[in-house]
Amino acid sequence: MISELSHFLNAIDVPADWVGLRATKEAATTRSVRDGIPETNGSSLTQGVMVEVLANGQIGYAATNLITLEGIQAAAQKAYRQAIAASEWNIYSTPISARPKVVGQYVSPLMKPFDALSPGEINDILIKITRELKVSDQIVQTSATALTTETETWFVSTNGSEVYQHFFRIGTDYSATAQEGAIVQRRSNNGWLASCYQGGLEYFITPDLWARVQQIGTQAIELLTAEDCPNETTTLVLAPDQMLLQIHESVGHPLELDRILGDERNYAGGSFVKLQDFGNLVYGSPLMNITFDPTVSGEFASYSFDDTGAPASREYLIKEGVLQRGVGSLESQARTGVKGVACARASSWNRPPIDRMANLNLEPGDQSFEEIIAGIDRGIYMESNRSWSIDDQRHKFQFSCEYAKRIENGKLTKTLRNPNYRSITPQFWSGLIAVGDRSTWQMYGTPMCGKGEPNQAITVGHGSPIAVFANIEVFGGGA
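Residues numbered from 1 in each chain as written. Predicted model: local features only at pLDDT ≥ 70, side-chain atom pairs only at ≥ 80, totals over all residues. Heavy atoms only, no water.

## A short note on the nonpolar core
Ranked by internal contacts, the top residues of the largest apolar core, which has 54 residues, are Val-251, Met-382, Tyr-421 and Trp-429. When neighbours within four sequence positions are excluded, Met-382 is seen to be in contact with Cys-229, Leu-236, Val-237, Leu-238, Ala-239, Cys-401, Tyr-403, Ala-404, Pro-419, Asn-420, Tyr-421 and Val-474. By size, the runner-up hydrophobic cluster in this structure holds 25 residues, among which are Val-33, Leu-126, Ala-146 and Ala-178. (Core = buried A, V, L, I, M, F, W, Y, C linked by side-chain atoms within 4.5 Å. Buried < 20%, exposed > 50% of the residue type's maximum accessible area, 1.4 Å probe, protein only. Contact = heavy atoms within 4.5 Å.)

What follows is the structure in structure tokens.
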């Protein structure tokens, strides 16, 4: 495909300063089972080419699923006209340095290919999961889902770029809903579709699969008779599967440079962060170290190049609590003068790349889970996101979790249901008082981070150890 795209690129006739072609081919499957009965067995295939044209300091975009010279030429002419029209209303001229020459490739790690099991065998496992989740007649509903996606991208440009990337992504979810009278509790495997990774079926048939399925069903029953989470200000311990949403909503989105510039205000909102805050703002305690890291093997949004070809590298966004960089592409970096990362990403061939988080991780500390719990006289430990709400400046927030435990005198004691907490982003992260070590660090992800007009749902990954926050308002109640 690289040679074919290069041929098209050489034959395109538009008087542009720079042209890039990004071809994408994606095959996906969705399989789900409810209460032992198959509910969804779907597959899809999509492919096409996005043409980018830089002219008069502006970038124009046009996409086509007609992968021929005629189709790509027509798209290039449309993109060129768009760039020329935009130049009349120029706010900022994009330099050609925002589209550097790059050559390379990336392939996801893969141990067990998707075709190692037939669709029927995958369905049989999902059916068995839903049946094993029903540990009691009080379990009134069970579900299990497996998603697979194989994506190939090819990128060439008039300044010599040639990039090939091949991604294998898998996401799984299963849950049990228990009921006793008017009390209904749902317990899932780490929250809705949080178990998302790059790799193959090794992330589906895991060594602890059946023990975990049994645990989820048992905990759903346990929640029926648990006490409600109390209303108090206390020490809060968050598991890595809840830190997934905490990092995503209160760090990832506020640091997107296009949001800070106001580009997303119409749809996804803005940010409390200002351009002058970079290098100065104390975002959290000295224990807060957040990295943008698309290099982690197996994490959901790993890659070697973003969708404009910028090479990806591990960078600190926040170091020892101080804000360092934004989630901004080379284009946004040129507009703002703020250091960013390789994060121009598109959800498909028919979408332009925009500033998107990829893998955002909280770096581990030096305490084990046991040491952290032992050091807390009174607090609450929470797992697995159930719902979230955060304002359009990513400032005030409220999160709800599925499962909690009371911490008393250095030990996990009573199970609590309907746990919630709320805070304000800088105050919350300034209260970070302990971070788990590498043994507590786990990575999760989601395929459904939405942003952009037209909307783009994209993959992100978040890794974290357990984390402890002081003086957090927690409360009970259903979500």
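Read on, since the account is not over.
## Observations regarding the pairing of strand 6 (residues 162–180)
Burial within strand 6 is extensive, with 16 of its 19 residues counted as buried. Of the pairings in the sheet, the one linking strand 5 (residues 139–157) to strand 6 comprises 17 bridges and is antiparallel in character. Counterpart to Ser-143 in the pairing with strand 6 is Ser-175. Between strand 5 and the antiparallel strand that follows it, strand 6, lie four residues; Gly-160 among them carries a positive phi value of about 100°. As paired strands, strand 6 and strand 8 (residues 195–198) are joined by four bridges and run antiparallel to one another. Paired with Gly-171 across the bridge in strand 8 is Cys-196. In the sheet, strand 6 pairs with strand 7 (residues 183–188) via six bridges, with the strands oriented antiparallel. Residue pairing across strands places Thr-177 opposite Arg-186, the latter belonging to strand 7. (Helix = DSSP H or I, 4+ residues; strand = E, 2+ residues; numbered from the N terminus. Pairing = 2+ DSSP bridges.)

## Notes on the pattern of salt bridges
This structure, assessed with the given rule, holds 20 salt bridges. Among the ionic pairs, Arg-99 bridges to Glu-331, the shortest N-O distance being 3.1 Å. Taken as a pair, Arg-99 in the loop between helix 2 (69–87) and strand 4 (103–107) and Glu-331 in helix 7 (residues 330–336) lie far apart in primary sequence, 232 residues in all. In this structure Arg-99 comes out as buried when scored by relative accessible area, which is 3%. The partly exposed category is assigned to Glu-331, whose relative accessible area is 22%. Between Glu-402 and Arg-187 there is a salt bridge, and its shortest N-O distance comes to 2.9 Å. Placement of the pair is Glu-402 in strand 18 (residues 396–408) and Arg-187 in strand 7, with a sequence separation of 215 residues. As far as the burial class goes, Glu-402 and Arg-187 line up, both buried. Each of the salt bridges in this network shares a partner with another, and the network as a whole consists of Arg-186, Arg-187, Glu-383 and Glu-402. (Salt bridge = Lys/Arg side-chain N within 4 Å of Asp/Glu carboxyl O.)

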